Amino acid sequence: MAIGDRDHRLAAALFTPGAEWHNTSVFPGPRVCVGPDAIVHFLETLHEDLEVAGMEIEPISDGDGRVVVGLHQWGTGRLSGRKW
């Protein structure tokens, strides 16, 4: 999996131009990133600030010309030491 391997450019190549990345309200960074470049920028910034300890892919939904993937990551802030 490109995101799991932190190959963000490969992952971005699989996104459509209007792809959206949504974060929960407690997650650091923007709530919504639109487009492959914005998503890659978010992921690269995230991994600079946070040490990812694990990741799970949640069930995939496919319909109406859209694919929805749930991604659950957890780790520790590099500077704060805060678990997330």
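This text goes with the structure placed above it.
Just so you know, these numbers come straight off a predicted model, no measurement behind them. (Residues numbered from 1 in each chain as written. Predicted model: local features only at pLDDT ≥ 70, side-chain atom pairs only at ≥ 80, totals over all residues. Heavy atoms only, no water.)

Trainee: So what's going on with the pattern of salt bridges? Residues and values would help.
Mentor: Here the structure, examined in full by the defined rule, presents one salt bridge. One salt bridge connects Arg 78 with Glu 51, and the closest N-O pair in it is separated by 2.6 Å. Residue Arg 78 is found in the segment after strand E4 (66-77), and its partner Glu 51 is found in strand E3 (residues 50-63); the two are separated by 27 residues along the sequence. By relative accessible area, Arg 78 is classed as partly exposed at 42%. On the basis of relative accessible area, Glu 51 is assigned to the partly exposed category, the value being 38%. (Salt bridge = Lys/Arg side-chain N within 4 Å of Asp/Glu carboxyl O. Helix = DSSP H or I, 4+ residues; strand = E, 2+ residues; numbered from the N terminus. Buried < 20%, exposed > 50% of the residue type's maximum accessible area, 1.4 Å probe, protein only.)

Trainee: I'd like a description of the layout of surface pockets, backed by residues and values.
Mentor: A volume near 1300 Å³ is recorded for the largest pocket. Lining the largest pocket are 38 residues; nearest its centre among them are Glu 20, Trp 21, His 22, Val 69 and Leu 71. Looking at the lining of the largest pocket, the elements with two or more residues in it are helix H1 (8-14), strand E1 (20-22), helix H2 (36-49), E3 and E4. For the lining of the largest pocket, the leading source of residues is E4, giving 10 residues. For the lining of the largest pocket, a count of residues per class yields 22 nonpolar, 11 polar and five charged. (1 Å grid on protein atoms, 1.4 Å probe; cavity = no way out; pocket = protein on both sides within 12 Å on 5 of 7 lines; lining within 4 Å. Points joined across faces, edges and corners; volume = space filled by probe spheres on them. Nonpolar A, V, L, I, M, F, W, Y, C, P; charged D, E, K, R; others polar.)

Trainee: How would you explain unusual backbone geometry if you had to name every residue and give the values?
Mentor: Among all residues save glycine, negative phi is the norm, and among peptide bonds the norm is trans. Its identity is not glycine, yet Asp 64 carries a phi of approximately 55 degrees, on the positive side. Among the secondary structure elements, Asp 64 is positioned in the loop between E3 and E4.

Trainee: Hey, could you go over the packing of aromatic side chains for me, with residue numbers and the actual values?
Mentor: Taken as a whole, this structure holds one aromatic pair when the rule is applied. Their ring planes at 50 degrees and their centres at 6.1 Å tell us that Trp 21 and Phe 42 sit as a pair that is tilted. Here Trp 21, found in strand E1, pairs with Phe 42, found in helix H2; they are 21 residues apart in sequence, far enough to count as distant. There is no split in this pair, since Trp 21 and Phe 42 are both buried. (Phe/Tyr/Trp six-rings, centres within 6.5 Å; stacked < 30°, edge-to-face > 60°.)

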